[in-house]
Amino acid sequence: MIIAKAFKVPEAGTDVLAAFSDVDKIKPEARPFVNALVSAGYMAGKSAKVFGPDTLLGEAEVDAIFDAITTAAVTPVQALPKTNAVAPRRYVKLYSPTPGATIHFTTDGSTPTTTSEVYTVATHGHINEMLSNAQLPERDVVYKAIAVKDGMTPSPVQTFTWHLYRPATAEFQHLQIMEKTDTSPAVYRISSDAESVRAMAWYIEGQYMGICFDALQTPSNISDLKAYIDANIATKPNYVVVGHEHGDHDMQAPNFMSANMEVYLNERGWAAVGAASGPFPAVFPDPADQARIKNVEEGDVFHLGGCDLYVYAMPGHANGNIVLQDKENGLIFSSDIYGCTRAGSADNVAIQGVRADLMLSLAQQTYSNYMKDDGKVVGLFTGHDETPLGDANLKLFEAAFQQVIDKGEAGCSATLRGKNDAPNSRTTIIGDMWKDGTNWIAIKLPGIMGDASEYLTSSPINYNGKDGYLKYSVLSNIEFKGASLVGTTLQWAPAPKPFPWAGGTKSVDYALQNKFNPWVYDYKVMVPASSDSVTVIPTSMSTKVKSIAIDGKEVAYRSSNKVAVSNGSVMKIRIIAPDGVTTSEYTFTFSKNS
C-alpha cells in the first residue's frame, strides 16, 4: 500500500488477483493497491496460483518492486516546501526523482500536458508566490505538474496547494527566547502576521534599560510597537536601535520618538529614512524629527544593566547596517547582514554595496572583534529568522565569500530566487535550504553570471574577469595577540552627495576608521612596554596563495606565530598570489606604549 500510494500507481481496470487461490487472505483495504501493482507488472505472487499475502516481503523482493516501478514509469513530481504550513509567501521548487525527466506544470488549475510550461531550477529558480495588497487576506496557490521521459510511462498528475495568508492588519505578537538573569538580558522576538516579508524585531532588556532592535514594517500610523512593548513585555524604560535603514525594519521607529524615547540609526542610513525609498514612504520626513535621531557607530556601547551591547558596523546589505554583541553571553543581533535561513520563504540576502573581497575582510575583522576580550558567539539573532542561529552561520557567511575569492566566477552560481531577481543573477551559495535546516546561506552579489559587473575590487588591481582572482596577493585580516593594530580608513564606495537633513544638508562618508585595509601596506602596532613578543595571525585573502612569509619564514594560512618585538622593530609579511607572480609586502612597525 505504501509503495502504490507513493508512486501513485493507477488502479487496474480488471481484477487480476482472482487467479490466486488465497486471494481472500488479502486485506480488503489493501486489495486495490495490490491489484494495481500486480496488474502493472510491478509485483508477482509466490507462484502462478499462490500470492502469499501472509508472507513477509524480503529486502530483495521490495527492491525488485521498487526497481520495476522506477525503470518503467516516471516518478510523480515532488514539491517543496510541503503544503502543510500557512505563510504570507512561499518559494516553490518542483523536482522529479527520475533522472532526466522533464517537468511540465500549470498554475491556473488546468491539467498539465507535454505542451505546458517546462520547469527547471535553472530557468525558474524557486518561484516566489506571495500576496499582493489587493489579494489580502488570503489565496490558494495551486500547481499541477507531470514529468515525462522518453521510453517511460509519464507520471500521474500531482496537485500541490499552498494556502497563503496575510491579514491587512494584525496585532504584534511576541515570544520570549531568553529569561533575564543578573548577568544576562531577557530577549523577546516580536513580529506581525500582517507584514509581507515577516521581519523580526528583538526586545533586549537588562537590569535597568531595554532596547528594541529593529522596528518592523508596519506603518507607525497603523499600529504602535512602542505601546505594545510597554503593555506586554517591558519592565524597564526602552528605546529603539534600528539595525539598518530598510523599510521592513524601521517603520515603527517614529512611535518611540513620539514617546520621547531615543531613536538610534547609523548616519549612513539617514538619507533613506528622510525620503521615500522604493515602496516605502519616508519614515522621518519632518526636519524637526530628523534632528532628534541619534547616530550609532562602531565602538559605541549600550549599557542595559547586567549586560553591555557592543556596536559594530557591517555595511554591504545596507550602508547603515550595524550589529550588536553581548560579549559575555555570546548574543549577536545582526538585522539582515548575515542573511535568512527560513526554508520556503527566503533564498538570498543582497550584499551588493561592498565588493565581495572587501566584504570577506570586513567579516573576518568583525568576527575577530567578536572574540576579543573573551567574547563568544552562542546565539545569532537575524532580521528574519524566527529562532536564533549560531556560530556556524557566521562561518558559513565567511565561507560563502571565500569561495568567490578562491574560485572567481566558478565560486558563484545563478540565483534561485525566481520572480524577485533578474534571471541568472550572480549569487554565492553554500548548502541547500531544503535539506540543511539552518546550515545554509545564499548571498546575492552584483551583476549577472558571466557579465562584466565588478563584484570584486578593480583597483589597484582588477580581480574581476577570467583569471583576476588568481592575482590576490593581499591579506584579508591580520590579528595580534598581546598588541593592537593602529588601523586606517577603509572605504567601500564613493561618498554620496549631501542630502537634505534636519533643515540643512548632511554629508556622510562610506568608510570606517581604524580598520585593516588589504590594500594599505604600512601599519603601526602598539605593544605594552613590558612585552618582548607578540602573536601574529595572518589571513590571506585567497586560501590558494603560493606563499605567506613573516620576515622571510614561510607560515601557514591563519596560523599563530610568535614574533619578538622591541620599540621600533619592524615585521614584514610577504604574500605571493595563486598565479605565482603577483606579490605584495606589508610592513608593521612596533611601538611600545610609554
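Everything below is about the structure printed above this text.
All figures in this text were calculated on a predicted structure; none of them were measured in a lab.

Helix and strand counts for the chain come out as 11 helices and 36 strands. Overall, the C-alpha framework of the chain stretches about 100 × 60 × 50 Å when taken along its three principal axes. Counting all 594 residues of the chain, 52% fall into the buried class. Considering only contacts in the chain between residues 6 or more positions apart, those separated by 24 or more positions represent 66%. For the chain, the accessible surface area stands at approximately 25,300 Å², while carbon and sulfur atoms represent 52% of it. In the chain, which carries 50 positive and 63 negative side-chain charges, the distance between the mean positions of the two groups comes to 3 Å.

With that settled, the discussion passes to the nonpolar core. Soluble globular proteins tend to bury their nonpolar side chains together. One finds Phe-397, Phe-480 and Ile-573 to be the most contacted residues of the largest nonpolar core, which totals 96 residues. Counting residues in each nonpolar core, the second largest holds 21 residues, with Met-200, Trp-202, Cys-307 and Ile-322 among its members.

So, on to the packing of aromatic side chains. One pass over the structure, following the stated rule, counts 30 aromatic pairs. Ring geometry for Phe-480 against Phe-590: centres 6.2 Å apart, planes inclined by 85°, an arrangement best described as edge-to-face. Taken together, the residues span a long stretch of sequence, with Phe-480 in strand E24 (residues 475-481) and Phe-590 in strand E36 (residues 583-592) at a distance of 110 residues. Here Phe-480 and Phe-590 have matching classes, each one buried. Among the aromatic residues, those joined into a cluster by ring pairs are Phe-480, Phe-516, Tyr-521, Tyr-523, Tyr-586, Phe-588 and Phe-590. For Lys-93, the ring lying beneath its charged end belongs to Tyr-95, and the centroid distance is 5.7 Å. Lys-327 extends its terminal NZ or CZ atom over the ring of Tyr-310, reaching a point 5.9 Å from the ring centre.

On to the side chain of Thr-415. Along the chain, the position of Thr-415 falls in the loop between strand E20 (413-414) and strand E21 (417-418). Residues within four places of Thr-415 in sequence aside, it is in contact with Asp-347, Asn-348, Asp-421, Ala-422, Asn-424, Ser-425 and Thr-427.

Enumeration according to the criterion identifies zero disulfides in this entry. Unpaired in terms of disulfides, Cys-307 finds its nearest cysteine sulfur in Cys-212, a separation of 15 Å. Its sulfur unpaired, Cys-340 is 18 Å from the next cysteine sulfur, which belongs to Cys-212. According to the relative accessible area criterion, Cys-340 is buried, its value standing at 18%.

Turning our eyes to something else, we now look at helix H11 (residues 391-407). Along an α-helix, a turn takes 3.6 residues, which lines up residues three or four apart on a common side. With 17 residues, H11 extends 24 Å between its outermost C-alpha atoms, agreeing within 8% with the 24 Å of an ideal straight helix rising 1.5 Å per residue. Among the residues of H11, those classed as buried are Asn-393, Leu-394, Leu-396, Phe-397, Glu-398, Ala-400, Phe-401, Gln-402, Gln-403, Val-404, Ile-405 and Asp-406. On the buried face of H11, the contacting elements are strand E17 (331-335), helix H10 (356-371), strand E19 (379-382), strand E22 (425-430) and strand E23 (441-448). Backbone geometry just after H11 places Gly-408 at a positive phi near 65°.

Time to look at the pattern of salt bridges. Within the structure shown, the criterion is met by 18 salt bridges. For the salt bridge of Asp-193 with Arg-198, the shortest nitrogen-to-oxygen distance reads 2.6 Å. A relative accessible area of 32% means that Asp-193 is categorised as partly exposed. Among the ionic pairs, Glu-454 bridges to Arg-355, the shortest N-O distance being 3.4 Å. Note that Glu-454 is positioned in the loop between E23 and E24 and Arg-355 in the loop between strand E18 (349-350) and H10, a separation of 99 residues in sequence. Classification of Glu-454 by relative accessible area gives partly exposed; the value is 34%. Overlapping salt bridges, with partners in common, bring together Asp-193, Arg-198, Arg-342 and Glu-386 in one network.

With that out of the way, let us pick up the sheet that holds E22. Taken together, four strands build an open sheet; the order of strands is E18-E23-E22-E20 and the sheet is mixed. In the strand order of this sheet, the two ends are held by E18 and E20, each with one partner. Bridge count between E18 and E23: two bridges; the pairing is parallel. Note that in E23 the partner of Ala-350 across the bridge is Lys-444.

A word on the side chain of Ser-584. In this structure, Ser-584 sits in strand E36. We classify Ser-584 as buried; its relative accessible area is 9%. Within the local environment of Ser-584, its side chain forms a polar contact with the side chain of Ser-473, the two groups lying 2.7 Å apart.

Before going further, it helps to examine the environment of Gly-468. Examined against the element boundaries, Gly-468 turns out to sit in the loop between E23 and E24. Sequence separation between Gly-468 and Ser-458 is 10 residues, and the spatial gap between their C-alpha atoms is 9.3 Å. The contacts of Gly-468, once residues within four sequence positions are left out, are Asn-462 and Tyr-463.

Turning to the packing of H10 against H11, a few remarks are in order. Orientation of H10 relative to H11, taken along the N-to-C sense of each, is 150°, at an axis distance of 9 Å. By the angle between their directions, the pair H10 and H11 is classed as roughly antiparallel. For H10 against H11, the interelement crossing comes out left-handed. When H10 is examined against H11, the residues Ala-356, Asp-357, Met-359, Leu-360, Ala-363, Gln-364, Tyr-367 and Tyr-370 are found in contact with a partner set consisting of Asp-391, Leu-394, Lys-395, Phe-397, Glu-398, Phe-401, Gln-402, Val-404 and Ile-405. Taken together, the residues that form the contact of H10 with H11 break down as 11 nonpolar, two polar and four charged.

Thresholds applied
Residues numbered from 1 in each chain as written. Predicted model: local features only at pLDDT ≥ 70, side-chain atom pairs only at ≥ 80, totals over all residues. Heavy atoms only, no water. Helix = DSSP H or I, 4+ residues; strand = E, 2+ residues; numbered from the N terminus. Buried < 20%, exposed > 50% of the residue type's maximum accessible area, 1.4 Å probe, protein only. Contact = heavy atoms within 4.5 Å. Areas by Shrake-Rupley, 256 points an atom, 1.4 Å probe, with all protein chains shown as cover. Lys, Arg positive; Asp, Glu negative; His and termini not counted. Charge placed at Lys NZ, Arg CZ, Asp CG, Glu CD. Core = buried A, V, L, I, M, F, W, Y, C linked by side-chain atoms within 4.5 Å. Phe/Tyr/Trp six-rings, centres within 6.5 Å; stacked < 30°, edge-to-face > 60°. Lys NZ or Arg CZ within 6 Å of the ring centre and 35° of its normal. Disulfide = S-S within 2.5 Å. Expected span 1.5 Å × (residues − 1). Salt bridge = Lys/Arg side-chain N within 4 Å of Asp/Glu carboxyl O. Pairing = 2+ DSSP bridges. Polar contact = N/O pair within 3.5 Å; in protein donor to acceptor, adjacent residues only side chain to side chain. Axes fitted to C-alpha atoms, helices over the stretch in contact; angles between N-to-C directions. Parallel < 35°, antiparallel > 145°, perpendicular 65-115°, else oblique. Left-handed = near helix turned anticlockwise from the far one by under 90°. Nonpolar A, V, L, I, M, F, W, Y, C, P; charged D, E, K, R; others polar.

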